[in-house]
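# Remarks on the overall topology
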Amino acid sequence: MELILRAFFIYLFILLIFRMAGKRTLSQLTTFDFILLLVVGEATQQALLNDGSITEALLLIGTLVTLDVIFAFFSERWPLFDKIANGVPLIILKNGNPLIERMEKENIEMGDILEAARKKQGLESIEQIKYAVLEKDGKISIIPKGKE
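First things first, this report covers the structure right here in the doc. Computed from a prediction, not measured in an experiment: that's the story for all the values here. Sequence order as written defines residue numbering, which begins from 1 separately in each chain. For this predicted model, a pLDDT threshold of at least 70 governs which residues receive local features, and a threshold of 80 or more governs which side-chain atom pairs are given and counted, while totals over whole chains, interfaces and linings are taken from all residues. Only hydrogens and water are set aside; all other atoms, that is, all heavy atoms of the structure, feed into the side-chain values.

This paragraph deals with the environment of Glu56. Secondary structure is summarised from DSSP: a helix means a run of H or I of at least four residues, a strand means a run of E of at least two, and numbering begins at the N terminus for each. Here Glu56 shows up in helix α3 (residues 54-77). Placed 37 residues apart in sequence, Glu56 and Leu93 show a C-alpha to C-alpha distance of 47 Å.

Right under this line is the structure:
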C-alpha cells in the first residue's frame with residue numbers, strides 16, 4: 001500500500017509542477033530541459049523504490065523545475081544568456097558545399113543533411129541546398145536554392 005501512495009503523491013506532484021512551469025513542446029527541449037528530465041526520472045525512481053525519501057525527491061524535483069523556469073525567463077530577456085545557455089544556429093552547408101570542420105565538430109554527417117532535405121523540402125541532392133542550418137534544438141533546417 002505504501003508503494004501505491006508513494007506513486008500517487010509523486011505523480012500528482014510532478015504533474016502539478018510541470019503544469020505550473022508552463023507548456024513547452026518536446027521539439028523545443030533545450031539541453032537543460034533534457035538533463036532536467038533525466039534527473040527528475042532518477043529522483044522519482046529513487047523515491048518510488050524506497051531508496052530515498054519522498055520529501056527529498058519532491059524538493060529536488062521542485063528545485064530543478066524552478067531552475068528550468070528561471071533559465072527560460074533569462075533566455076527570453078537576455079539574448080546573450082540564451083546564446084550561452086542554449087547555443088546559436090550554425091550553418092553547416094552553404095551553396096551545396098559542406099562545411100566539414102563545423103560538421104565534424106557537431107558530429108553531423110552528410111546523410112543527416114540529405115535526410116532533412118528529403119523530409120522537409122523534397123530535395124534529392126546537396127546541390128539543391130543553399131543552406132543547411134543546425135538549429136539550437138539539434139534539428140537541421142534546409143533552405144533550398146532559389147529561395148531567399
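The element strand β3 (residues 129-134) is largely enclosed, with a buried count of 5 among its 6 residues. At least two bridges found by DSSP between two strands is the condition for calling them paired. Of the pairings in the sheet, the one linking strand β1 (residues 90-94) to β3 comprises 4 bridges and is antiparallel in character. Looking at the pairing, Leu90 lines up with Leu134 of β3. Looking at chain direction, β3 and strand β4 (residues 140-144) are connected through 5 bridges and run antiparallel. Its bridge partner being in β4, Tyr131 is matched across the sheet by Ile143. The turn linking β3 back onto β4 is made up of 5 residues, and Gly138 within it adopts a positive phi angle of 95°. Three exposure classes are used, based on accessible area relative to the maximum for each residue type with a 1.4 Å probe and protein chains only: buried under 20%, partly exposed in between, and exposed over 50%.

Another aspect to go through is the pairing of β1. When β1 meets strand β2 (residues 97-98), the two strands line up antiparallel, connected through 2 bridges. For Leu93, the partnering residue across the bridge sits in β2 and is Pro98. Connecting β1 to the antiparallel partner β2 that follows it, the hairpin turn spans 2 residues, and Asn95 within it adopts a positive phi of roughly 50°.

Attention shifts here to the nonpolar core. Most often, soluble globular proteins have nonpolar side chains that are buried together. Buried residues of nine kinds, namely Ala, Val, Leu, Ile, Met, Phe, Trp, Tyr and Cys, make up a nonpolar core once their side-chain atoms join them within 4.5 Å. By size, the foremost hydrophobic cluster in this structure holds 14 residues, and its most contacted members are Ile92, Ile108, Ile113, Ile129, Ala132, Ile140 and Ile142. Contributing elements (two or more residues each) for this core: β1, α6 (110-121), β3 and β4. Grouped together as the second largest cluster of nonpolar side chains are 11 residues, Ile10, Ile14, Ala57 and Val65 included.

For the rest of this paragraph, the subject is a nonpolar patch on the surface. Like charges are joined within 9 Å and nonpolar side chains (Val, Leu, Ile, Met, Phe, Trp, Tyr) within 5 Å, but only among residues with over 30% relative accessible area and no salt bridge; these make up the patches. Accessibility throughout is a Shrake-Rupley quantity obtained with a 1.4 Å probe, and a residue counts as covered only by protein chains that appear here. Here, a salt bridge means any side-chain nitrogen of Lys or Arg that lies within 4 Å of a carboxyl oxygen of Asp or Glu. Where nonpolar side chains cluster on the molecular surface, the patch consists of Met1, Ile4, Leu5, Phe8, Phe9, Tyr11, Leu12 and Leu15 and spans about 870 Å² of accessible area. With respect to the helices and strands, the residue Leu15 is situated in helix α1 (residues 2-21).

To continue, consider the packing of aromatic side chains. Stacked, tilted and edge-to-face are the three classes applied to pairs of Phe, Tyr and Trp rings, where Trp contributes its six-membered ring and a pair requires centres within 6.5 Å; stacked means planes under 30 degrees apart, edge-to-face means over 60, and tilted covers the rest. Applying the stated criterion to the full structure yields 5 aromatic pairs. Seen from their ring centres, Phe8 and Phe9 are 5.6 Å apart, and the 70° between their planes marks the pair as edge-to-face. Residue Phe8 is classed as partly exposed on the basis of its relative accessible area of 46%. For Phe9, a relative accessible area of 46% puts it in the partly exposed group. Consider the rings of Phe74 and Phe81, whose centres lie 5.5 Å apart with planes at 80°: the pair is edge-to-face. Owing to a relative accessible area of 30%, Phe74 belongs among the partly exposed residues under this scheme. Of the aromatic side chains, those joined through ring pairs into one cluster are Phe71, Phe73, Phe74, Trp78 and Phe81.

Interpretation in functional terms is not warranted from these geometric data alone.
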